[in-house]
Structure formats: C-alpha cells, structure tokens
Amino acid sequence: MYDYVRKQDNEVFAALEGEEQREAEGLELIPSENYVSKAVREANGSCLTNKYSEGYPGKRYYGGQEFTDKVEQLAIDRAKKIFGCDHANVQPLGGANANIGAYFAWLDPGDTVLGMDLGHGGHLTHGAPVTYMAKLYRFIRYKMKNIETGEIDYDEMREIAKKEKPKIILGGFSGYPRELDWQKISDIAKEVGAVAMADVAHIAGLIAGGVAKNPFDYGFQIVTTTTHKTLRGPRGGMILSKGIVSSPLKAPEKTVENLPTLIDRSVFPGLQGGPHMNNIAAKAIALGEAMQPPFKGYAAQIVKNARAMAKVFQDANIRLIAGGTDNHLVLADVWSSLSLGGKDAEGTLDKVGITLNKNAIADDTRKPFDPSGIRFGTPAITTRKFTEKESARVAELMIEAMQNKSEEKKLSAIREEIRTLCKKFPIPESFV
Ligand SMILES: *Cc1c(COP(=O)(O)O)cnc(C)c1O
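Each value, and the rule that gives it
- Residues numbered from 1 in each chain as written.
- Predicted model: local features only at pLDDT ≥ 70, side-chain atom pairs only at ≥ 80, totals over all residues.
- Heavy atoms only, no water.
- UniProt positions renumbered as here; feature names shortened; annotations may be inferred.
- Helix = DSSP H or I, 4+ residues; strand = E, 2+ residues; numbered from the N terminus.
- Contact = heavy atoms within 4.5 Å.
- Near = heavy atom within 4 Å.
- Polar contact = N/O pair within 3.5 Å; in protein donor to acceptor, adjacent residues only side chain to side chain.
- Areas by Shrake-Rupley, 256 points an atom, 1.4 Å probe, with all protein chains shown as cover.
- Nonpolar A, V, L, I, M, F, W, Y, C, P; charged D, E, K, R; others polar.
- Pairing = 2+ DSSP bridges.
- Axes fitted to C-alpha atoms, helices over the stretch in contact; angles between N-to-C directions.
- Left-handed = near helix turned anticlockwise from the far one by under 90°.
- Phe/Tyr/Trp six-rings, centres within 6.5 Å; stacked < 30°, edge-to-face > 60°.
- Buried < 20%, exposed > 50% of the residue type's maximum accessible area, 1.4 Å probe, protein only.
- Lys NZ or Arg CZ within 6 Å of the ring centre and 35° of its normal.

### Regarding the UniProt feature "site: Plays an important role in substrate specificity" (unreviewed entry) in the protein
Then, number 1: In the numbering used here, UniProt assigns the "site: Plays an important role in substrate specificity" (unreviewed entry) feature to His228.
Then, number 2: Assignment of secondary structure puts histidine 228 in the loop between strand 11 (222-226) and strand 12 (237-241).
Then, number 3: The residues contacting histidine 228, other than those within four sequence positions of it, are Ser32, Asn34, Gly233, Pro234, Arg235 and Gly236.

Structure below.
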C-alpha cells in the first residue's frame, strides 16, 4: 500500500504506515468514527480531485463536467432514496458546513435557533459560544428533564418556543444515548411557525439501516448529517430537505417550500467554493453500500452491541447517563462510580489499546478538560464484525483497566487480549 508515497516521501509514508497499524491493532470506540471500505477509499483518492465543478449537475461554471455530473447525481439520487426526501445537497465538506449551510439558507443575522443544550448532548455547531455562528445567531436551549432516564423536557421546549419564537427548532446530538421524539419537536415547530431541522450526524447510518426513526417521517423540513460516522462513508456532510426543487441559478422567494433551492444557493456560492468531487464520488459509493441488504444487519448490530456494553457497565454499578442506550453510544459517569476523572480514564484505556473520549456529563461539576464522564460507541467495532459477546468482553476489560489503572502488569495483559481480539477481527475491505 501507498507505493507512490513510499517512493517519494518517507516522512509522510511513515505517518500513514503508523496510522494503518494503530487502526489495525487498537479498538476504536469513539462513537463518531468508523472504517470505510476500500471502494470508498479508492474513490476518495481518485482523479476527481483534479476537477473544478462549481455549481450543480447540469449547471456548472466550468467545462468538462460529463463525469462529475454523473457522480454527483448518483450521490444525490441515492441520498434521496435512502432518506425519503425531495432534495439532497451532497457538497458540504463536513457536518459543521452542513449546519452552517442550513442556517444561512433560512436565517437572518440575529434570528433565534432553539437547540439541544450542549452539556446535555448538543453539538458545538448548535451554538457553542466559541463558534462564529453564535456571533451571528441567537441560540437558546432545551434540556433533559431527567438525566437518569434521558427524557427530554418537551413541555419546557414548547414554552420556550412560544416565548422566544425561534426560526429553527433543531433536534440532534452527539452525546445523547436515547431517541428524540421527532413528532413532538415537529409539532412544536409547527405551532410556533419554525422550521423543524434535525442534525442526524451521529445516527444517519442507524436511520439508513432502519433501526432509528427518520425525522422526515414526522414532518421535518431539513435534515443535516455527516457521511463519515455511522453512515460509514468518507468525511463530509449533506443537507437533505423537503420542498420544491428548482434551478439554483435564480434566487427564489424565501418560503419553506423553496428550502431545497435556498439550501443549494446557500452552500454554493454562499458558503463554499468548488465541491470536492472525489469526496462526492466516495459518498455515492458509501450511500450505495448503505442501500445493500447487509447494511440493515450492520445497523441493528451496532445497537445490540451498544446495549450489551451498557449492560456490563450497569451490572458493575457504573452510572450511565440516561440510564442506558437506544442507539450506538454510551455515556458513563466514571467519576461518581469509580472515582476516576474522564481524562484519567481516557489515558488508561489508551494504554490498553482502546480509543475513546472523555466527555462532560449533563450538568457536570468538573472542568471541561477533565470532566466526569467517558463517551464510547460501537459503530467501528461493529464494522469489524464484533457481536454482543465480544462487545461485552471489551466492556469488562474497560472496567478492569479503569479499576487497575496503576497495575502495569494487569494493563499489559489487557493490552495483549485487545491485540488478539483485533487480529481475530481484522478491518474488512468490503461490505457488499
Ligand atoms: C460530528 C457532528 C457534526 C460536525 O461534523 P464535522 O464533520 O466534524 O464538521 C455536526 N453535528 C453533530 C450532531 C455531530 O455529531
């Protein structure tokens, strides 16, 4: 592998080789990560990286678009089919860009967005004060009513929405282990005249695989996502929408029906320049994979594996935020249960070859750089074909490592077991 890089650039080659080995020999439990197929990697490294394609299929600002048009149209058609919507913009370079593109399409500076509290599972791009979006728009929050069950306070959401009149109500998260009630959010949005937008960056693959509910089935108008998390595609984003699709060359009236066209114009020329066509080809391939029957089994297994891991933690009396999981991720309060800070837990698990991240838990009393919790998930180990059995074993090893963080001998035995498990379950090259 990497023959040309090896011949030409030893330093970069060494880094690529190192990362290949790290991925092969360690367990990836970061819930936003995954392993893509060789086909996705090939397309991502293809000749399409050479091409400028500003605009959209059939409406470009440069010549030579015979093949780029085909590839982008394939990605669009597949995304529409999977998610059951009228339009897909597949050009956003990431999930953040997808959200910004959606905000720009519908909001004016100073407008209000009602989203999930960042400490209760919301994402940076849902209005963290450090983002430019937070300087442009006014973000207000809803929260969980009960941290032990994960129940969202929809009554409070309605009250806030009625009082603050948000232009967008945003459902979506990166650190929440339960399902949102899309119907309730959509009803509240309708009641106050807001657009219902879902950010399914983390759960797009679960929706595609039919194990999580699709916001479009509950009246949502906009759904943004990444393509590289549970969806198992290349790094990138998409904005999916319902409405009338018309030419992006002419600005339409700002109505809910025109959202697809407003979004196209928002992404280009509003936010980005030329699309990364190599990346769009890789998205098309990943979406093609997600339409094949095995993907349903994959998505279902992700959730089973997460539940199996959650059960081991609960049996060991470790407090889980929301009391368990309905999706691909688990949030454990290691501070109250094991007297171990999140940073320490992350470092200890790193030593045994398990990669995950420290995470603030709802209403955390500890500092962001050393919070009370850890967040982990099963998309990547499920790609490796782990079932409940191996997942539960990993959870046991995690707890054992955290309880014996200073016992080098014990840790190295755990590291060895993880290495053996990885060898037994190599990263697959293809999923179809
Ligand atoms: C990961 C994530 C994003 C951002 O995606 P990037 O590709 O990192 O920009 C946006 N929203 C949510 C909910 C996410 O989990």
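Now that the structure has been shown, we can carry on.
### Quick word on the site of the ligand
Then, number 1: Neighbouring the ligand are 14 residues, the closest being Gly95, Ala96, Asp199, His202 and Lys229.
Then, number 2: Measuring from a nitrogen atom of the ligand, one finds a side-chain N or O atom of histidine 123 at 3.4 Å.
Then, number 3: For the ligand, the protein covers 83% of the area, taking 390 Å² as the surface of the free molecule.
Then, number 4: By residue number, the principal contributor to the shell around the ligand is helix 5 (residues 95-106), which donates three residues.
Then, number 5: Grouping the constituent residues of the shell around the ligand by class yields three nonpolar, nine polar and two charged.

### Examining the sheet that holds strand 10 (residues 195-199)
Then, number 1: Overall, mixed pairing links the seven strands, which are arranged 4-12-11-10-9-5-6 in an open sheet. The sheet is open, and its two edges are formed by strand 4 (87-89) and strand 6 (138-142), each paired on a single side. Here the strands of the sheet are splayed against their neighbours by 20 degrees on average, with no regard to which way each runs.
Then, number 2: As judged from the five bridges shared by strand 5 (residues 112-116) and strand 6, these two strands associate in the parallel manner.

### Some remarks on the packing of helix 4 (residues 66-83) against helix 11 (residues 277-290)
Then, number 1: Direction vectors running N to C along helix 4 and helix 11 enclose 35 degrees, while the axes themselves pass 8 Å from each other. Here the hand of the crossing between helix 4 and helix 11 comes out left-handed. Across the interface between the two elements, Thr68, Val71, Glu72, Leu74, Ala75, Arg78, Ala79 and Ile82 of helix 4 pack against Met277, Ile280, Ala281, Ala284, Ile285, Leu287, Gly288 and Ala290 of helix 11.
Then, number 2: Classifying every residue of the contact of helix 4 with helix 11 gives twelve nonpolar, two polar and two charged.

### A short note on the packing of aromatic side chains
Then, number 1: As enumerated under the stated definition, the model contains nine aromatic pairs in all.
Then, number 2: Taking the centre distance of 5.3 Å and the plane angle of 20 degrees together, the rings of tyrosine 52 and tyrosine 62 count as stacked. In this pair, tyrosine 52 is assigned in the loop between helix 3 (38-44) and strand 2 (55-56) and tyrosine 62 in the loop between strand 3 (59-60) and helix 4, connecting sequence segments ten residues apart.
Then, number 3: Look at tyrosine 62 and you get partly exposed, because its relative accessible area is 39%.
Then, number 4: Pairwise contacts between aromatic rings join Tyr103, Tyr137 and Phe139 into one cluster.
Then, number 5: Sitting above the plane of the tyrosine 298 ring, arginine 232 keeps its charged end 3.9 Å from the centroid.

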